[in-house]
Every structure is written in structure tokens, then in C-alpha cells.
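What follows is the residue order along each chain.
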Amino acid sequence: MSLAPLSLHKPNYLSVSNTLRSWLLTTDHKRIAILFLISITFFFFIGGFAAVLMRLELMTPHADVVDKEAYNRLFTIHGVVLIFFFLVPSIPGVLGNFLIPIMIGARDMAFPRLNLASWYLYLIGGIIVLTSILIGGADTGWTFYTPYSSVYSNSAVFTMAVGVFVAGFSSILTGLNFIVTTHTMRAPGMTWFRLPLFIWSHYATALIMILGTPVLAIAVLMVAVERMGVGIFDPALGGDPILFQHLFWFYSHPAVYIMVLPAFGVISELVTCFSRKRIFGYTFVAAASLAIAVLGFLVWGHHMFVSGQSAYASMVFSIISFTIAVPSGIKVLNWTATIYKGRVWLTTPMLYAFGFIGLFTIGGVTGLFLAAMAIDVHVHDTYFVIAHFHYIMVGGTVMAYLGGIHFWWPKMTGRMYPEGWAVFSAILIFVGFNLTFFPQFLVGYLGMPRRYHIYPEEYQALNILSTAGASILGIGYLFPFTYLLWSLRRGPRAESNPWDAAGLEWQTTSPPPTFNFEKTPIVTQEAYAYELVSQEDDLPGRPNPTEGEIPVLDAPPQEDQP
Amino acid sequence: MSSESSVLAHHFDDLEQQHEAATLGMWAFLVTELLFFGGLFTGYTVYRWRTPLAFEEASRHLDLWLGTINTGVLLVSSLTMALAVHAAQLSRHRAATMYLLLTVLLGAGFLIIKMVEYGHKFTQGIYPGSIENIHVPPELAAQGVQPNNVALFYSFYFTTTGLHALHMLIGMGLLLSLAVRTARGRLMGEAATRVEITGLYWHFVDIVWIFVFPLYYLIGLT
Amino acid sequence: MSAHVVPIRVYMRVFAALMVLFVLTVAIAFVDFQHLLPFTGAAIINDIVALLIAFSKAALVILFFMHVRYSSRLTWLFAIAGAVWLAILLALTLSDYFTRHWLT
């Protein structure tokens, strides 16, 4: 609290100017991050609302809330909005934009105006997609499979595809900026192997963004062209619909890693900070990010085992898919090894990190089931697949996103959030999530297909469980939304380093000044030098383990000193 | 130093860093562009492999003469672009302006020839999505060539060359604005960087055509 | 400025080479390898030669006009990465089409 007056007197990036114009024309990466935060939260609730309606419909085996046409539109809105307008830009757009320049000791991104353009493209794409929803919505699913999407569907596919196309360019510009910034803007002494793992994982993400997204762009452009009557994929015109699937999944499988690699980066920061330890095997974790980015491009055919793709190609895709488990496994192992014998401080961000590690592991292991061709044929397009990727996307990415938002909230806003409410909602979200999606593994394995609004009676019990879980999860998400907004005015002022974390972002004020640092920092040590602070007993800003109600798991002392 | 500080953006330490960032940024963007056109070339490869005779039949209806002239025009424009970069690097304002304008002119020539070519196709009844006007010679029809497959070639031809032309238009706009800057002789250090990275873009568009030309115009001539 | 200034004579030589390759590719397109050579499928030689020439022309433009020959390793890395990723897209997509009929 003693530092609070300091941040009051010196202008920070939030207080320099408060006109609408100063926000809409800003080139400050931190303000752009806030713009992304606001717009992404908006789209999160749009996509979430579609999910609420779907879960309500699925409470009974009959059509009682929506009919089949409306249901098709709901799951399309849910998928398109939450994938292209929430998950893909979530952690990169908000936390990546805010933190990358600060973490490497730069004053801004390499291309600040391109950064702003990226947000505007995102917004324009989002408005086009909202328009598509208002004029009836598309009913193709987020995958836009041809020839249904390009020839037969009587819905607003064209508009939806254009929206996704535009948002794709937002993603490309973000990725381009991250890559160039990481290469050219590092502070003196910030060598590649001193970079926080957050930077490594965002660098890997950015590679996927610039290498994969253009192929998605050309694929949806071809769908748009075919909707104007020019044959490309339509088998009636001699085309091959599976070609679309190849182009689509060349992006959309790596896109899974666009969504989850930044989450890996967040978890590496949280786990080290709240275990008071260096990351276990820094180089392996960093290299695993790049390995995932590269291998992620070699496996897309595992989405197409039942599409009519050559069985021989499927075998190759299946085998390479298994190898992705190796770098993913390295990461989980290294986080676990980092926590092992650490002085674990169970704050809200750490709770989310624990949630992430467990749920991502379940999601990843069920992914191996699906990479095996025989099992995939059995459970393809069932709720098993739905549960699998929600464990990765929601259990993984959203958990990490929330964990990261809590962790860096003091830095971004200069305010602390209420810890009690935050712990409560983290637990609520974890419980709600598992109750929603674990039954879907079971009902999917029993054979319930995805994308239907009605189903046989025998699946009802599991569906009711899932809907019950979804209501808990939905309410769980409203809590952080509410108390974080509340904390903007009422939260206690944050010190510059409330968690005693390593990393350059904690060495500047909360919130940081416009150019991030008073003067360019000079880096002299590796990331995560926690043993330098963890030797001291009473750390500033951290509750004393003996008095506080926050449990601290200390390693047994006899193993520390042989 | 005062001239340097006026062109150095606030977040860079020096012009070297700014130049490095701009060059790397353009290369990363070109990688994106390569994959963008790559999707079209992948579609072309797949369909040509499935129906080679239909693609050769369709290709023979393209105007080889105009396509060849256009290839030459683009190659010359790449040379003038390279010379513009050379002049800009040596701060020769007049030469840089002249070469930039020459490049724009050659680009315009390319687009005009392209329009003439499109016009010919349209009068022959060949346009994106046309099938009814495609007549397959009987000896090819006997080998299983269908008008549908011939039409697919034109789908890719029009999409690829259309996107290529759009890229040229964007490039010409960029070059024109650079020509205005260099003509005024302002911002020389930074302007040289801009000419360089716009040059990279222009050469890339040329490279796309280097592949379009043999793959679309030069098949089935024997 | 760190940019390398390439002498004009290099540009002129590269341009001359490009024009030679350009004329060559048009000329070769008219050579009927199918009838010149004794084995079936010899027509593919036309495509192979055309692509080899196209790659050579692209390489000349990239190395000299785009200055990659004088650039940092990082630029090399990006140029090569683009080509490699395009190769991945083509190779794995075609692995489906080339082997689809094996199992029918």
C-alpha cells in the first residue's frame, strides 16, 4: 500500500487521457489490450448465450425450446463466435498484447499502428458476424463443410464467411507483430534463453497464425466464391468437397494450438510464481512450444478419418498425431515437477493453474483415443469429441485465461480483486465445468451424435447432469465478470509487485506508464529467479503462512537438507 | 541527429532496429501471402491430377500470346523495381521517382492487357461459373473429359489471376504514394526502407506470376 | 542503414538470366517429349522442366532482387519456412489423393 501514492502522482497509461478518441486512436499496446478485453468479453457472452439455449433444449429428448433450424444456427453461432472471436484472440489479444513488450523490456510492439489495425479488423469481422446472426445466421457449423455450405444451405453463410475472413487478417497482423517484436525489440541482455516462457509460447502461436491463417482465408474465400455460382468444391461440377476439408483443417487443427499454446505460456508463469521456484527444464518447455507449433501442421487429417480420405493418408496422420503427445506431455510433466517441493501459495491464479493442468491432461489423453483410427470411427461426431475438445478449449484455454486475468489484473488496472470471491468462483467454475462435460464423454461413448436437438430417451439422465453443470458454470462465469468490474473502483490499490513475482512486468508500476519503464531495463539474469526471493521468510505483500488463512504447502524440511 | 530523430518512431532505439523490424515484418507477411496463394495452387494441383486432359483442353483456350507479353512486362517491372530500390538506397531522388513511376506504368500495362484478355474470354462465353458455353471436342469427350472439369480450370484461373491483379493494384497504390514522397525528396532514410519493403512485396507478386504462367498458359501445347 | 546496396551490373545480369529462362520455358512448352522419348508418360517432362525453370526464376528474384543473398540468416529462415510450409500443405494433401484408390 505504501507504493500507492506513487502510482497516483505519476501518470500511467490509463490516466494520461480519458477521451473516447484517445482510446479509439491509441497505438499503446496496453490500451489495445484493454480494447481487446472489452470486445472479447462481449463476444464471450454472445457465444455463451447460444450455449445456454442449446443446453436448455437438450434437457429433454424432444424439441421444446427451439426447432431444428434454430438449433443448427445456435451451434454455428456458438462455434464461430467462441472460436474465432473469443478463443483465438483471447490470451494473445489481451494478455499477449499487454505483456509481450513489457516482458521483453520494450516500449511498445514493433508495429503499433498495425496492432490497432488488428483490433479494428477483429471488430469489423465481429460486426459482420453479428450482422449474419441478425439476418438469420448460418447453419453449417463453424466448420463450413462443403458442398452444404457452398451450394445447399439457405442461410447467411456468405456473410458469416466474410466475417471469419476479416477476423483472420486480424489474427495474421497480431502474429506478425508478435514475431517481429520478439525478434527486434528485446531489451539489452534479454537473450532468447532469458525470455519468459510466456514469450516462447506466444512466439510459437504467432508462427501458426501467420503460416496457417492464410490457408483458412483462401478456403473460406473459395466457399464464398462458390456461393456466387463458381464451381470449386461441388461434386456436381467435378469438384471434391474433401479438398475444402484439407484446406480448412490445415489451419483449423493448428488453430487448436493457437488457442492452447498461449495458455501454456500463462500456466508456466503462474506455476513458477506460486511455487516460488524456477521452471523445471526451461529449454524443454520452450522447445516443446516450437515442436507443437511445427507438429501441429502435420496432423490435420485426423479430423477426416471418416470423410473418404485415403486410409493410407489416415494412417500417416494418425501416427504423427500420437507424436504431439510428447511435447504436450513434457509440458505437463515439467509443470508438475516445478510444483513438486515448491512452496505452493494457493491463490486464485494458482487454483486456475491446477484446474488447467488436470483438465488439459484429461482433454489431451482423450485426444489420443481420437487419434487412433478405430476408436475415432466409433466415436466420430459424437459427444465424446465434444467433451474432448471442450476439456482442451474451456478446461484448458478459458481456465488459463481467467487465471492469467487474475494474475495480471493488478498490473493492468492497478487494483486488487477480492480474493475470497475469486477463490469461490474458481472452485464453482471447476465443479460446473466437470459436471457439464464429463457426462458428455459418457453419452458420446454410448453413441449420442453431436449437432442434433433431439435424442433417444436413454440419454436423458446424462444430458440433465450436463445441463445442470452448465448452469453452475454459467453462473460461475458471471462472478468474475461482476467482481472484477467492482474492483475497478472499489478494489484495494495494487502494489507494483503484489505476488513477489519475477519478470520485468513486475518491476514497473501498476498500472505501467505509457512507455512501460522509466528507462530501458537491462537484463542480467534468467527468467524465474525465484530462489533469490524465496529464501527470505516474510516476503512483502505475501501473507505470513503462520497467520494467514491461505494454506501454504511447504516441502518437508528433511528432504530439503540431506 | 535531428534528421534521424524526425523519422525514427518513438518505440525504436535507432534506425537500424527500425529497418530490421520493417524488413522482417514484410518477410513474415510474404510468408502469409505465399500460403494464401498456396491454397489455390494446392486446389489446382489436386484437380489437374484428377482430370489432366480437361485442364489441358481448357488451357489451350487461354491467350498464350497475351500471357507471354504480360510475363515479360512483369519481369521488366521487377527490374525497374530493383533499380528504384537501388536509387533510393543511394538517395538519388529523381532516379528513384522515375523508376517507381515506371514500375507503376508497367503494372498498369499488365492490368490493361489482363483486362483485354478477360474481355476476350467473356465474349467467348467463358466467365467464372460458365459451363453451358464449354464444348469439349469429341475425341476428348470419348476419353471422359466433361465440361464440368474444364469449367473447374476456369474457376481457378479467374480466382488466381483475379487475386493476383488485386495484389498488383495494391502494390501500384503503394508505389505511387512512395513516388510522391521521393519526388518531394523528404524522409530519405526511412523512405528508402519503405521503397525496399514495398519492393519485396512487388517482387513477390511477380513470383506468383512466374508460377501462374507455366501452370495455366503453357500446358497441353504439344 | 544496414541495407546492402547491390551493384546495377548484378541486377542487369539477373534480368538477362530471367529473360533467357522466360524464352526457354515458352519454347520448351512446344517440345513434344511424349513423341521424342520412348517411354509412356514422358509428357510429364514438360511439367517438370517448366516447374524447374519457374523455381530457378523465383530463386533468382528472391536471391538478388529481394536481396536474400545479402540478408541475415533470419531472412533466409523465413523465406525457407514459407516454402517448407507450402510443401507440407501440398505433400500431405496429395498423400490423400495419390493413395485414395489403393483400397478400392
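Residues numbered from 1 in each chain as written. Chains lettered and ligands numbered in written order. Predicted model: local features only at pLDDT ≥ 70, side-chain atom pairs only at ≥ 80, totals over all residues. Heavy atoms only, no water.

Glancing now at the overall build of chain A. Along the backbone of chain A there are 18 helices and two strands. Taking 24 Å as the expected radius of gyration for a compact globule of 562 residues, we find that chain A reaches 23 Å, a close match to that expectation. Overall, chain A is about 70 × 50 × 45 Å in size when its C-alpha atoms are taken along their principal axes. The buried share of chain A, reckoned over its 562 residues, is 62%. Of the side chains in chain A, 27 bear a positive and 30 a negative charge, and the two mean positions are spaced by 11 Å. (Helix = DSSP H or I, 4+ residues; strand = E, 2+ residues; numbered from the N terminus. Rg over C-alpha atoms; globule rule 2.2 N^0.38 Å. Buried < 20%, exposed > 50% of the residue type's maximum accessible area, 1.4 Å probe, protein only. Lys, Arg positive; Asp, Glu negative; His and termini not counted. Charge placed at Lys NZ, Arg CZ, Asp CG, Glu CD.)

Attention now goes to the interface of chain B and chain A. Each side of the interface is counted separately: chain B has 34 residues, and chain A has 37 residues. Together chain B and chain A conceal approximately 2900 Å² of surface at their shared face, both sides included; 70% is due to carbon and sulfur atoms. Across the chain B-chain A interface, the total number found is two salt bridges. As a salt-bridge pair, A:R107 and B:D13 come within 2.9 Å of each other at their nearest N and O atoms. Summed over the shared surface of chain B and chain A, the number is eleven residue pairs in polar contact (both at pLDDT 80 or more). Contributions of two or more residues to the side of chain B that touches chain A are made by helix 2 (15–50) and helix 7 (147–184) of chain B. Tallying contributions element by element places helix 2 of chain B first for the side of chain B that touches chain A, with 19 residues. (Contact = heavy atoms within 4.5 Å. Buried area = accessible area lost by both parts, 1.4 Å probe. Salt bridge = Lys/Arg side-chain N within 4 Å of Asp/Glu carboxyl O. Polar contact = N/O pair within 3.5 Å; in protein donor to acceptor, adjacent residues only side chain to side chain.)

With that settled, the discussion passes to the environment of A:Y528. Residues and elements named next belong to chain A. Within the secondary structure, Y528 is located in the loop between helix 16 (460–490) and helix 17 (531–534). It is 7.0 Å that separates the C-alpha atoms of Y528 and K277, two residues lying 251 residues apart in sequence. Residues contacting Y528, with those up to four places away along its chain left out, are P196, L197, F198, S268, E269, T272, K277, R278, I279, Y282 and A502. Of note is the side chain of Y528, whose polar atom sits 2.4 Å from the side chain of E269.

So, on to the interface of chain C and chain B. Across the contact, 50 residues belong to chain C and 49 residues belong to chain B. Contact between chain C and chain B buries roughly 4200 Å² in total, counting both sides, with carbon and sulfur atoms accounting for 83%. For C:D47, the salt bridge identified is with B:R48, shortest N-O distance 2.9 Å. Where chain C packs against chain B, one counts two residue pairs in polar contact (both at pLDDT 80 or more). Mapped onto the side of chain C that touches chain B, the elements with two or more residues apiece are helix 1 (8–29), helix 3 (44–65) and helix 4 (73–99) of chain C. Counting residues per element, the side of chain C that touches chain B draws most heavily on helix 4 of chain C, at 14 residues. For the side of chain C that touches chain B, a count of residues per class yields 37 nonpolar, nine polar and four charged. (Nonpolar A, V, L, I, M, F, W, Y, C, P; charged D, E, K, R; others polar.)

Before going further, it helps to examine the pattern of salt bridges. This model, assessed by the stated rule, comprises eleven salt bridges over all chains. The salt bridge involving A:E526 is made with A:R278; its shortest N-O contact spans 3.3 Å. Pair noted here: A:E526 is in the loop between helix 16 and helix 17 and A:R278 is in the loop between helix 9 (241–275) and helix 10 (282–295), with a separation of 248 residues, a long-range link. Through salt bridges that share partners, A:D240, B:R50, C:D96 and C:R100 make up one connected network.

This brings us to the domain arrangement of chain C. Per the domain assignment, the segments making up chain C are domain 1 (1–70) and domain 2 (72–104). Just the C-alpha atoms count here: the centres of domain 1 of chain C and domain 2 of chain C sit 21 Å apart. (Domains from an automatic or database assignment.)

Moving on, we get to the side chain of A:T436. All names here are of chain A. Structurally, T436 can be placed in helix 15 (residues 419–445). Here A470 takes part through its backbone nitrogen, which lies 3.0 Å from a polar atom of the side chain of T436. When sequence neighbours within four positions are dropped, the list of residues in contact with T436 reads S466, G469, A470 and L473.

Residues and elements named next belong to chain A. Following T146, the chain continues into P147 via a peptide bond in cis, with omega recorded as -5 degrees. By the element assignment, P147 lies in the loop between helix 5 (112–134) and helix 6 (148–152). In the segment running from S510 into P511, the intervening peptide bond is cis, with an omega of -10 degrees. Locating P511 in the fold gives a position in the loop between helix 16 and helix 17. A positive phi angle is found at R451, which is not glycine, with a value near 65 degrees. Inspection of the secondary structure puts R451 in the loop between helix 15 and helix 16. Classification of R451 by relative accessible area gives partly exposed; the value is 27%.

This paragraph deals with the packing of helix 3 (residues 29–57) of chain A against helix 14 (residues 383–413) of chain A. All names here are of chain A. Orientation of helix 3 relative to helix 14, taken along the N-to-C sense of each, is 145 degrees, at an axis distance of 14 Å. Seen from above, helix 3 lies across helix 14 with left-handed handedness. Contact with helix 3, carried on its side by I34, L37, I40 and R55, involves Y383, Y401, I405, W409 and M412 of helix 14 and no other residues of that element. By residue class, the composition of the contact of helix 3 with helix 14 is eight nonpolar, no polar and one charged. (Axes fitted to C-alpha atoms, helices over the stretch in contact; angles between N-to-C directions. Left-handed = near helix turned anticlockwise from the far one by under 90°.)

Below, the discussion takes up the confidence of the model for chain C. Per-residue pLDDT for chain C averages 91, and the proportion of residues at 70 or more is 96%. In the model output, the complex is listed with pTM 0.93 alongside ipTM 0.94. (pLDDT = per-residue confidence, 0-100.)

The next point concerns the packing of aromatic side chains. All names here are of chain A. Throughout the structure, instances matching the rule amount to 76 aromatic pairs over all chains. Between F274 and W345, the aromatic rings sit 5.6 Å apart at their centres with planes inclined by 75 degrees, giving edge-to-face as the arrangement. Here W345 lies in strand 1 (residues 344–345) and F274 lies in helix 9, a separation of 71 residues in the sequence. The two residues F274 and W345 agree in class, both being buried. R31 extends its terminal NZ or CZ atom over the ring of W23, reaching a point 4.1 Å from the ring centre. (Phe/Tyr/Trp six-rings, centres within 6.5 Å; stacked < 30°, edge-to-face > 60°. Lys NZ or Arg CZ within 6 Å of the ring centre and 35° of its normal.)

Let's shift gears to the confidence of the model for chain A. The predicted coordinates ought not to be read in detail in places where the model reports low pLDDT. Residues and elements named next belong to chain A. Chain-level statistics for chain A give a pLDDT mean of 92 and a share of 93% at 70 or above. Throughout residues 1–8 the model reports pLDDT below 50, and contacts reaching past four residues in sequence, or to other chains, amount to nine contacts. With pLDDT under 50 throughout, residues 536–562 is counted as low confidence; its partners more than four residues away or in other chains account for 29 contacts.

For the rest of this paragraph, the subject is the packing of helix 3 of chain A against helix 5 of chain A. If you want to describe how two helices pack, look at the angle between their axes and the distance between the axes. Residue and element names in this part refer to chain A. The contact between helix 3 and helix 5 brings their axes to 10 Å, and the two run at 15 degrees. For the element pair helix 3 / helix 5, the angle class is roughly parallel. For the element pair helix 3 and helix 5, the recorded crossing hand is left-handed. Along the contact surface, helix 3 presents H29, I32, L35, F36, S39, I40, F42, F43 and I46, while helix 5 presents P112, N115, L116, S118, W119, Y122, L123, G126 and L130. (Parallel < 35°, antiparallel > 145°, perpendicular 65-115°, else oblique.)

Here we come to the environment of A:T184. Tracing the sequence through the fold places A:T184 in helix 7 (residues 157–184). When its relative accessible area of 8% is taken as the criterion, A:T184 is described as buried. Residues A:T184 and A:A106 lie 78 residues apart in sequence; the distance between their C-alpha atoms is 9.6 Å. Aside from chain neighbours lying at most four places away, what touches A:T184 is A:A110, B:Q17, B:E20, B:A21 and B:L24.

Moving on, we come to helix 10 of chain A. All names here are of chain A. In this model, helix 10 (14 residues) spans 20 Å end to end at C-alpha, consistent with the 20 Å of a helix rising 1.5 Å per residue. When helix 10 is considered as a whole, its buried residues turn out to be Y282, V285, A286, A288, S289, I292 and A293. In a view along the axis of helix 10, the buried residues occupy a sector of 155 degrees, so they form one face of it. Lining the buried residues of helix 10 we find helix 8 (197–227), helix 9 and helix 11 (311–339). (Expected span 1.5 Å × (residues − 1). Arc of directions from axis to C-beta.)

Let's shift gears to the nonpolar core. Among the nonpolar cores identified, the biggest contains 288 residues, and A:F356, A:W408, A:W499, B:F153, B:Y216 and C:F78 are the most heavily contacted of them. For this core, the leading source of residues is helix 9 of chain A, giving 22 residues. Counting only domains with at least three residues in this core, you end up with domain 1 (1–70) and domain 2 (72–104) of chain C. Sequence-distant contacts of C:F78, defined by excluding residues within four places in its chain, comprise A:I179, A:H183, A:Y203, A:I210, B:L24, B:W27, B:A28 and B:V31. (Core = buried A, V, L, I, M, F, W, Y, C linked by side-chain atoms within 4.5 Å.)

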